[in-house]
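Architecture at a glance
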Amino acid sequence: MSCRNGIEVGNPWILRQITQISQITELMEEKFKHGDLTDKIIGTFYEVYNELGFGFLESVYEEAMIIALEAKGLKVEQQVPVPVWFRGRKVGSFEADLVVNTLVIIELKAAKAISERHIAQLLNYLRATEIEVGLVLNFGQRAEFRRQVFGNGRKKQPSEPKSLLDNLRSED
């Protein structure tokens, strides 16, 4: 084995370490994808919560979040259709509460606490779209949020030939 800058080139142990470092780096990049944007959304969530408190319907918080997010210069889409495809056929459709900058899905709740069902709902929305990052924001007695990432590399290829982002904007 030859040495370059004091490192043995071709050393299997070093190659394994480099591979592990790159895998960790890849995971970290996925975990913190759109971190600046989600930080801004979460900050806005706490502003709205501190101003309105708890006890309103989700629709009230939805409208307040739109006003607050747009005031920060963010593009917000409301009640965005999320079609579900199976073997090239549309088998269902759900509506994501909010989509911010076409990068983050927001699912709003006004519940006692965020449940596994709420997380599963968001993960299904992420799975059905090309959007990789989502937030569950709960306007319960205690403000709380969960950030979820479902990378496109982990998703099955869509059965429908057009872009999933295009599917978000059409009801076919």
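These lines cover the structure that appears in this document, whether it is placed above or below. Only a predicted model underlies this, so the values are computations on that prediction, with no experimental measurement involved.

Moving on, we come to the sheet that holds strand β5 (residues 104-109). With mixed pairing, 5 strands are arranged side by side in an open sheet as β3-β4-β5-β6-β7. Two strands lie at the open edges of the sheet, namely β3 (76-86) and β7 (143-149), each paired on one side alone. On average, adjacent strands in this sheet sit at an angle of 35° to one another, irrespective of strand direction. Where β5 lies against strand β6 (residues 133-139), 6 bridges are found, and the strand directions are parallel. Bridging across to β6, Lys 109 finds its partner in Asn 138.

We now examine the side chain of Thr 38. Within the secondary structure layout, Thr 38 lies in helix α2 (residues 35-52). Excluding its chain neighbours within four sequence positions, the residues that come into contact with Thr 38 are Val 104, Val 133, Leu 135 and Arg 147.

Counting 25 residues, the largest nonpolar core has Ile 41, Met 65, Leu 69 and Ile 106 as its most contacted members. Taken together, the elements giving at least two residues each to this core come down to α2, α3 (58-71), β4 (89-100), β5, β6 and β7. Discounting chain neighbours no more than four positions away, the residues touching Ile 106 are Ile 41, Leu 69, Asp 97, Leu 98, Val 100, Leu 135 and Leu 137. With 15 residues, the next largest nonpolar core counts Val 80, Val 99, Ile 119 and Phe 150 among its residues.

Reading the values: rules and limits
Residues numbered from 1 in each chain as written. Predicted model: local features only at pLDDT ≥ 70, side-chain atom pairs only at ≥ 80, totals over all residues. Heavy atoms only, no water. Pairing = 2+ DSSP bridges. Helix = DSSP H or I, 4+ residues; strand = E, 2+ residues; numbered from the N terminus. Axes fitted to C-alpha atoms, helices over the stretch in contact; angles between N-to-C directions. Contact = heavy atoms within 4.5 Å. Core = buried A, V, L, I, M, F, W, Y, C linked by side-chain atoms within 4.5 Å. Buried < 20%, exposed > 50% of the residue type's maximum accessible area, 1.4 Å probe, protein only.

These values are about where atoms sit, not about what they do.
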